There are 2 protein chains.
Amino acid sequence: MEASNQTKHQHNPTKPIRCIVKLGGAAITCKNELEQINGQNLEVVCSQLRQSMIPSGKVVGMDWSKRPGISDVSCNVHEFEDQLSVDSHKFVVVHGAGSFGHFQASKSGVHKGGLDQPLVKAGFVATRISVTTLNLEIVRALAREGIPSVGMSPFSCGWSTSGRNIASTDLSVVDNAIKSGFVPVLHGDAVHDNLQGCTILSGDVIIRQLAADLKPEYVVFLVSFIDETDVSGVYDRPPTELNAVLLREIAVAEDGSWSVMKPALQDINKQVDFTVAAHDTTGGMEAKISEAAMIAKLGIDVCIVQAATSHSLRALRGELRGNIPDDWLGTVIRFLK
Amino acid sequence: MEASNQTKHQHNPTKPIRCIVKLGGAAITCKNELEQINGQNLEVVCSQLRQSMIPSGKVVGMDWSKRPGISDVSCNVHEFEDQLSVDSHKFVVVHGAGSFGHFQASKSGVHKGGLDQPLVKAGFVATRISVTTLNLEIVRALAREGIPSVGMSPFSCGWSTSGRNIASTDLSVVDNAIKSGFVPVLHGDAVHDNLQGCTILSGDVIIRQLAADLKPEYVVFLVSFIDETDVSGVYDRPPTELNAVLLREIAVAEDGSWSVMKPALQDINKQVDFTVAAHDTTGGMEAKISEAAMIAKLGIDVCIVQAATSHSLRALRGELRGNIPDDWLGTVIRFLK
């Protein structure tokens, strides 16, 4: 492990990365049911990703595994004959854990470190089994939509932390995969920490690191529910509260301060502290807004939008890079030039 | 990708690696049934690995996933209270693909390269999905036995080839995992090739690279069947033939020549060419013997033994490092000093 921050690879793109997408854990799993994928949502999310990456053409599946109850695999090589090589996806997918991994991590305290304790070591192993199970299912779902997805565990890629902050990230592996036309699929993972032995590296922190290095055109956070409440983005108060207002555009300044650009309502305190706006008891939305603001400060537009809606499709397609349409629901966070 | 052979990390062990184990694909999967694990064999193999790594103590499972048909997960944190930290495993596991991955790879020709062809790219994705599915199941099976296993895909670890020979292997990730007391579980994988775009990196080639760098005390290949025939090791002719003789000890000399030390039979040509002894039409055993000889030349004892037998347990425990007991069935390949 490295003592200091080392990004072994400086990205020198021949063609810019288009988009980094975060699939929120709550959007793709059933949060209240242990290790249960929300298959319906995941299917829509993957379909929208395909429509955003590969605008035309038929779907030619890339998961040739045996399906339950079917003895043979389905793969018709002739389907590929009239396919053009699609090399312009340039998307990276990062997903959260949702109802995978959290139980194992919290039960053992992996985030607090202490790999010399048998319980923590076992929890590290159990957490990785759970999150890599989810990763494999997401890679499969993307591949079924014809997206050339490749699973990449941060732990296996050699990502590590120092005092829970990213210490070492070798992005050459991710970069090589993108250059070869694949869509890397990363995830929150248990990793080495050179001060406390181990910790949990969250999907949101991974997104920020990737954004800083790969400089995508835009970043999309696909969210779903907060405290059982359906959300469309970031609000001025807990969305469960009456009269909660969806913040449609937030501008982040060079000094880190930010202001609400839309809606231009008199009763919104434009300098609301993030901690006030951050209404998720699990820390999910707070972390998300904070990470989003840091990404926006790099000059990269960030959308926070409800997964599997017409709004998320528009965000994934990059339709919100100019003016925000009145009929679009979500939050755009931008750098104020 | 790198143009020349680059091993980014020179291993400098504080404590030597004890053993690298190859779980042969045919030993842990049902070779004639697509993507079907041989659960019974895998369970015995994992149990023997536990007995070899952790000689005493009760089994405390590390796979806390939800099991089919059971709504809750089983994890009793109190079980870990009286556990001592077991840090002396120093094993690395590499497994083959068996009935996973081969279909997808051969259907698309991933080993021949050409990632710009849609079929090859899809095959690359499909192959990785299949082999990582198997890897996850093996990691789970090891974890259930209380072995702190962590899955590591060569592709994600940044391994790549050049003209199908290993070009770049970053062993620091594997090394860090071992130092933290984990048992890395690698596998044959689809990887980048800087000449032909992509190829298949076999488990046997991975073993040789790991052996050269990690310098284990011994290497064990767990095999099973060849051409439907139950095998115990390497024979002087196809094991299906009448009077095939099990070669119990082979010595490899500095110049690469080798001779049969046991049994001391008159009718065995001690200089039999490997290609004569290599009787597997799929190339499996031929590649294995050739890789085994190269490992032995490094001064590392290699055992080829039938998986899930009393003989494999003795091999895994390192009992064959001195004289080979008369009642042991298998093949030991040693460097002739």
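Above this text is the structure in question.
Being a predicted model, the structure only gives us computed values, none of them experimental. (Residues numbered from 1 in each chain as written. Chains lettered and ligands numbered in written order. Predicted model: local features only at pLDDT ≥ 70, side-chain atom pairs only at ≥ 80, totals over all residues. Heavy atoms only, no water.)

Looking at the sheet that holds strand β4 (residues 149-151) of chain B
Residues and elements named next belong to chain B. Stated precisely, the cut-off is as follows: A pair of strands is treated as paired once DSSP finds two or more bridges between them. Each helix is a run of H or I in the DSSP string that is no shorter than four residues. Each strand is a run of E no shorter than two, and both are numbered from the N terminus. Interaxial angles span 0 to 180 degrees and are taken between N-to-C directions of axes, which are lines fitted to C-alpha atoms, for helices over the stretch in contact. In this analysis, two residues are considered to be in contact whenever any of their non-hydrogen atoms come within 4.5 Å of each other.
One open sheet accounts for 9 strands, arranged β4-β7-β3-β2-β10-β17-β18-β15-β16; its pairing is mixed. Both edges of this open sheet fall to β4 and β16 (258-262), since each of them pairs with a single strand only. Across the sheet, the mean angle from the axis of one strand to that of its neighbour is 20°, orientation sign disregarded. With 4 bridges joining them, strand β15 (residues 249-252) and strand β18 (residues 331-335) adopt parallel strand pairing. Bridge pairing links Ala 251 to Arg 334 in β18. Across the face of the sheet, helix α4 (residues 118-144) comes into contact with β2 (19-23), β3 (91-95), β4 and β7 (183-187) while running at roughly 155° to β7.

Things to note about helix α5 (residues 172-179) of chain A
Stated formally: Exposure is judged per residue with a 1.4 Å probe applied to protein chains only, and the accessible area is read against the type maximum: over 50% gives exposed, under 20% gives buried, and values in between give partly exposed.
Most of α5(A) sits inside the fold, with 7 of its 8 residues counted as buried. Among all positions of α5(A), only A:Ser172, A:Val173, A:Val174, A:Asp175, A:Asn176, A:Ala177 and A:Ile178 are buried. If you follow the buried residues of α5(A), they end up packed against β3 (91-95), β4 (149-151), β7 (183-187) and α6 (203-214) of chain A together with β8 (189-193) of chain B. Just downstream of α5(A) lies A:Gly181, where phi reads positive at about 90°.

What to know about the relation of the copies chain A and chain B
In plain terms, the rule: The fit set for superposing copies consists of C-alpha atoms from residues with pLDDT of at least 70 in both; the fit itself is least squares.
Overlay of chain A on chain B (RMSD 0.0 Å): rotation 180°, translation along the axis 0.0 Å. As the rotation angle and translation indicate, the two copies are arranged about a two-fold axis. The C-alpha atom lying nearest the rotation axis in chain A is that of A:Cys157; the distance is 2.5 Å. Mapped onto chain B, 100% of the interface residues of chain A are again interface residues, and the two copies thus contact each other with one and the same surface.

Points about unusual backbone geometry
Omega for the bond connecting A:Lys262 with A:Pro263 falls within 30 degrees of zero, at -5°, which places this linkage in the cis form. On the secondary structure map, A:Pro263 appears in the loop between β16 (258-262) and α7 (274-277). A positive phi angle is found at A:Lys215, which is not glycine, with a value near 45°. Mapped onto the elements, A:Lys215 comes out in the loop between α6 and β10 (218-223). Its relative accessible area of 48% is what places A:Lys215 among the partly exposed residues. Notably, B:Ala308 is not glycine yet its phi reads approximately 60°, a positive angle. With respect to the helices and strands, B:Ala308 occurs in the loop between β17 (301-306) and α9 (310-316). Given a relative accessible area of 22%, B:Ala308 falls into the partly exposed group.

Considerations on the sheet that holds strand β15 (residues 249-252) of chain A
All names here are of chain A. Judged by pairing direction, the sheet is mixed, and its 9 strands sit side by side in the order β4-β7-β3-β2-β10-β17-β18-β15-β16 without closing on themselves. The open sheet is flanked by β4 and β16, the only strands paired with a single partner. Pairwise comparison of adjacent strand axes, ignoring direction, gives a mean angle of 20° for this sheet. Here 3 bridges tie β3 to β7, and the two strands are oriented parallel to one another. Bridging across to β7, Val 93 finds its partner in Val 185.

Some thoughts on the packing of helix α4 (residues 118-144) of chain A against α4(B)
Going by this rule: When describing relative orientation, an angle under 35 degrees is termed roughly parallel and one over 145 degrees roughly antiparallel, while 65 to 115 degrees is termed roughly perpendicular and anything else oblique. Handedness of each helix crossing follows the sense of rotation of the near helix against the far helix: counterclockwise by less than a right angle gives left-handed, clockwise gives right-handed. Just so you know the grouping, Ala, Val, Leu, Ile, Met, Phe, Trp, Tyr, Cys and Pro go in nonpolar, Asp, Glu, Lys and Arg go in charged, and all remaining residues, Gly too, go in polar.
In contact at an axis separation of 10 Å, α4(A) and α4(B) are set at 160° when each is read in the N-to-C sense. Taken as axis vectors, α4(A) and α4(B) run roughly antiparallel relative to one another. Classified by chirality, the crossing of α4(B) by α4(A) is left-handed. Across the interface between the two elements, A:Val125, A:Ile129, A:Thr132, A:Thr133, A:Leu136, A:Val139, A:Arg140 and A:Ala143 of α4(A) pack against B:Val125, B:Ile129, B:Thr132, B:Thr133, B:Leu136, B:Val139, B:Arg140 and B:Ala143 of α4(B). A per-class count over the contact of α4(A) with α4(B) returns 10 nonpolar, 4 polar and 2 charged.

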